[in-house]
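Below are the chains, spelled out letter by letter.
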Amino acid sequence: MYLTKEEEDILDGGKGEVLERLFRLLVRLGDIYGAEKMIPVGSVQVAGVSYKSVGDPGLAFLEDMASKGAKVKVLTYLNPAGMDLENWEKLGFPKDFAKNQIRVMDAFKKMGIVVTSTCTPYLAGNLPRFREHIAWSESSAVSFSNSVIGARTNREGGPSALAAAICGRTPNYGLHLWEKRQPNVKINIDADLSFSSDFGALGYFVGKQVKNKIPYFTGIKDANTDQLKALGAAMAASGAVALYHAENLTPEADLVEKNGLETINVSKKELDETYEKLNSGKDPDIVILGCPHASLREISSLADKLKGKHLKKPVWICTSRMMKEAADRMGFTEIIEKAGGSIVADTCMVVSPIERMGYKTTGVNSGKAANYLPGFCKQDVVFANIDKLVEGQA
Amino acid sequence: MNGRMISPGTAKGVAIVSTEPIGFYGGIDIKTGIVIEKDHPLEGKSVKNKILVFPCGKGSTVGSYVIYGLKKNGVAPAGIINKETETIVATGVILAGIPCIDQIDIEKIKDGDAVLLDADNALVTVQ
């Protein structure tokens, strides 16, 4: 790979041990994947934030970087933490867990990273432009920024994103290159999609089928950004889809080459089967919405459904701190809390230790959450649309 | 078989082969090295000290930290062989120092085979 004089100096240790170690990782990745050079990145989003995900080894790694003076060069956001960073005690998050989670956050802050924890940075002040090169790692945010915005990022691992933030660069390969953004399978939809959970079921099914390919969707009549976020998140969880195109809906769909692709047809039958497959439980102990983090529109819609109701069992909606502030101001938080629900910021059901909080069966409307909860939170799952879930808790 | 070196080093061990992709985050327990993903072909099996063979990674990008954590906790595979290693797995094995090769025809490796993985020379030998 071609390196500038400055980059060679970093690699030779001229800018210190931390930069050398992290830049070496980027150069190694660039060599493996055939990058010809490094490119500057406009912003970074780092995954591996919950103490539950990174554990003691990750915490030690981050504290080591921070103590050696590592500092980010570009706007860098974080993925959800393992708890609500302000309201964790009231929501019942374990104290020992909280202590370690706060250490993780302190290490990130020391490196100059914005300690707002969200899987939807694009809704919270970190919004790339069309064709901007970025290095993001949260798999659903990678999908959204590549597909819906048309920015360019590979699926970065937590540490490789951190390296990109601290070096301000990423190797130029994969989805940074136009020729690598062409679809290689066509997905034709012959079904009505109305709820976010329908898009989640579709995403789960397609991700399983296409693994790490780039799908080109036809036949999706309409979808707002919340629904596209649900679709991409599920495909990135059940498969490794980092980019999709959707006819008339995403910005690169008109520009890519889509002739002669193998076609997979998806009808109501496949979606019904996916709903069935993702249901492993009955009667949720708790319903958790907001995977990926809820937009203000989604919070507002939940507030509408809960207005004047009294929940028998808890309903959480997870979101970013920014959306929570707006929900507070609009009175949505009050309505949801009066009904017995909670708006939980900074975290989500997948990365928080819900299995230690007495919950055994969780209701979700997210294909991504339904994918992860059984393995990572030892939960039985009820996967359904928001109306059915809320009705069941009232 | 010749492949591409992802992470240097050599390793020897018994192969544990998955025909399905592996998502390390939520798929493998970081403390025990046991596969916990429901309905995964390797569910309930341990990857500790094995030569872990699978087509490609999938799922969460936190997987890199899980691979690093498996190594620090002493329950990591001795080596990894892929059809195609994507960035998440590559970052994890480089950081953890686990030998890894990809671009291997993994259908030629069977569960329980004794495998020698020489990543420095990008060479896999089934014994």
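Structure's up top.
Residues numbered from 1 in each chain as written. Chains lettered and ligands numbered in written order. Predicted model: local features only at pLDDT ≥ 70, side-chain atom pairs only at ≥ 80, totals over all residues. Heavy atoms only, no water.

Novice: So what about the packing of helix α5 (residues 139-149) of chain A against helix α8 (residues 225-238) of chain A? Which residues, and what values?
Specialist: Residue and element names in this part refer to chain A. Packing of α5 against α8 brings their axes to within 8 Å, and their N-to-C directions diverge by 125°. Classified by the interaxial angle, the pair formed by α5 and α8 is oblique. Crossing of α5 against α8: the hand is right-handed. Only Thr 225, Leu 228, Lys 229, Gly 232, Ala 233 and Ala 236 of α8 make contact with α5, whose side of the interface consists of Ser 139, Ser 140, Ser 143, Phe 144 and Val 148. In terms of residue class, the contact of α5 with α8 is made up of 5 nonpolar, 5 polar and 1 charged. (Axes fitted to C-alpha atoms, helices over the stretch in contact; angles between N-to-C directions. Helix = DSSP H or I, 4+ residues; strand = E, 2+ residues; numbered from the N terminus. Parallel < 35°, antiparallel > 145°, perpendicular 65-115°, else oblique. Left-handed = near helix turned anticlockwise from the far one by under 90°. Contact = heavy atoms within 4.5 Å. Nonpolar A, V, L, I, M, F, W, Y, C, P; charged D, E, K, R; others polar.)

Novice: Mind laying out the interface of chain B and chain A, listing which residues take part and the relevant values?
Specialist: Taken together, the 33 residues of chain B in the interface contact 40 residues of chain A. Both sides together, the interface formed by chain B and chain A hides about 2900 Å², and carbon and sulfur atoms give 62% of it. Among the residues chain B hides against chain A, the three largest losses belong to Tyr 25, Thr 61 and Tyr 65 of chain B. Together they make up 25% of the total. The tally of links between chain B and chain A comes to 1 salt bridge. In this structure, the salt-bridge partner of Arg 155 of chain A is Glu 86 of chain B, at a minimum N-O distance of 4.0 Å. For the pair chain B and chain A, the interface holds 8 residue pairs in polar contact (both at pLDDT 80 or more). (Buried area = accessible area lost by both parts, 1.4 Å probe. Salt bridge = Lys/Arg side-chain N within 4 Å of Asp/Glu carboxyl O. Polar contact = N/O pair within 3.5 Å; in protein donor to acceptor, adjacent residues only side chain to side chain.)

Novice: Describe the sheet that holds strand β3 (residues 51-54) of chain B, listing the residues and the values that go with them.
Specialist: All names here are of chain B. Spatial strand order, β1-β5-β4-β3-β2-β6-β7: 7 strands in an open sheet with mixed pairing. Strand pairing shows two members of the sheet lacking a second neighbour, β1 (4-7) and β7 (123-126), which therefore form its edges. Each strand axis lies, on average, 30° off the axis of its neighbour in the sheet, ignoring direction. Taken together, the 4 bridges between strand β6 (residues 114-118) and β7 define a ladder with antiparallel strand orientation. If you follow Leu 117 over to β7, its bridge partner there is Val 124. With respect to the sheet, helix α2 (residues 87-96) is in contact with β1, β3, β4 (79-82) and β5 (100-102), its orientation differing from that of β1 by roughly 65°. (Pairing = 2+ DSSP bridges.)

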